[in-house]
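# Structural features, examined
Listed below are the residues making up each chain.
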Amino acid sequence: MEGPRLRNAAEMILQNRSHPSIILWGVRINESVDDDEFYKRTNKIAHELDPSRATSGVRYLEKSHLLEDVYAYNDFSHNGMNAGAKRKKDVTPDMDKALLISECNGHMYSTKP
């Protein structure tokens, strides 16, 4: 394994894989653009070190390359007048895989003064 970012991914999994509250591994850098070669490697590391859990990675881009098991998407489309989150078919490139809304407008409608 080469590079600090790959080592960081492996260390995260090795240190935390015994925690029952972890449901999947985030193998992408938060809201990053597609980097297929790098994310193929982080996804592979996660599956090798913990084959019992799915992988994902938070995106702000619609229909970004999906190399992981779950498409995680920060959906900030709600404006107070529409129904809420975008439709799955409008967000993910693979309807056969799960969609996880990883953030949804929380910081846009703050409750603090």
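Remember, it's a predicted structure, so these values are computed and weren't measured experimentally.

Bringing the packing of aromatic side chains into the picture now. Here the structure, examined in full by the defined rule, presents 1 aromatic pair. When the ring centre of Phe-38 is taken as reference, the NZ or CZ atom of Arg-5 above it lies at 4.3 Å.

Right, let's get into the pairing of strand 4 (residues 70–74). Burial analysis of strand 4 places 5 of its 5 residues in the buried class, the great majority of the element. Side chains Val-70, Ala-72 and Asn-74 project from strand 4 onto one buried face, and the interleaved Tyr-71 and Tyr-73 project onto a second face that is buried too. In the sheet, strand 3 (residues 58–59) pairs with strand 4 via 2 bridges, with the strands oriented parallel. Residue Arg-59 lies in a different strand from strand 4, and its bridge partner there is Tyr-73.

A separate point is the pattern of salt bridges. Evaluated as defined, the whole model comprises 7 salt bridges. The salt bridge involving Arg-59 is made with Glu-68; its shortest N-O contact spans 2.5 Å. As far as burial versus exposure is concerned, Arg-59 and Glu-68 are alike and both buried. One salt bridge connects Arg-87 with Asp-90, and the closest N-O pair in it is separated by 3.0 Å. Look at Asp-90 and you get partly exposed, because its relative accessible area is 29%.

What follows concerns the side chain of Asp-75. You can see Asp-75 is positioned in the loop between strand 4 and helix 3 (88–91). Buried Asp-75, no salt bridge; nearest opposite-charge side chain is Lys-86, N-O distance 5.7 Å. Here the side chain of Asp-75 touches Ser-77 through a polar contact of 2.5 Å, side chain to side chain. Side-chain polar atoms of Asp-75 contact the backbone nitrogen of Lys-86, separated by 2.7 Å.

Our next topic: the packing of helix 1 (residues 4–16) against helix 2 (residues 36–49). At a minimum axis distance of 10 Å, the contact between helix 1 and helix 2 shows a crossing angle of 25°. Considered as vectors, helix 1 and helix 2 are oriented roughly parallel to each other. Between helix 1 and helix 2 lies a crossing of right-handed hand. Each of Arg-5, Leu-6, Ala-9, Ala-10, Ile-13 and Leu-14 in helix 1 lies in contact with helix 2, whose residues at this interface are Phe-38, Arg-41, Thr-42, Ile-45, Ala-46 and Leu-49. A breakdown of the residues in the contact of helix 1 with helix 2 according to their chemical character gives 9 nonpolar, 1 polar and 2 charged.

Moving on, we get to the sheet that holds strand 4. Taking strand neighbours across the sheet as the criterion, the 3 strands line up as 3-4-5 in an open arrangement whose pairing is parallel. Looking at the sheet topology across the chains shown, the edges are occupied by strand 3 and strand 5 (98–103).

Here Ile-101 lies in strand 5. Counting along the chain gives 49 residues from Ile-101 to Ser-52, while the straight-line C-alpha distance between them is 22 Å. Filtering out sequence-adjacent residues up to four positions away, Ile-101 remains in contact with Tyr-73, Asp-75 and Ala-85.

Conventions we followed
Residues numbered from 1 in each chain as written. Predicted model: local features only at pLDDT ≥ 70, side-chain atom pairs only at ≥ 80, totals over all residues. Heavy atoms only, no water. Phe/Tyr/Trp six-rings, centres within 6.5 Å; stacked < 30°, edge-to-face > 60°. Lys NZ or Arg CZ within 6 Å of the ring centre and 35° of its normal. Buried < 20%, exposed > 50% of the residue type's maximum accessible area, 1.4 Å probe, protein only. Helix = DSSP H or I, 4+ residues; strand = E, 2+ residues; numbered from the N terminus. Pairing = 2+ DSSP bridges. Salt bridge = Lys/Arg side-chain N within 4 Å of Asp/Glu carboxyl O. Lys, Arg positive; Asp, Glu negative; His and termini not counted. Polar contact = N/O pair within 3.5 Å; in protein donor to acceptor, adjacent residues only side chain to side chain. Axes fitted to C-alpha atoms, helices over the stretch in contact; angles between N-to-C directions. Parallel < 35°, antiparallel > 145°, perpendicular 65-115°, else oblique. Left-handed = near helix turned anticlockwise from the far one by under 90°. Contact = heavy atoms within 4.5 Å. Nonpolar A, V, L, I, M, F, W, Y, C, P; charged D, E, K, R; others polar.

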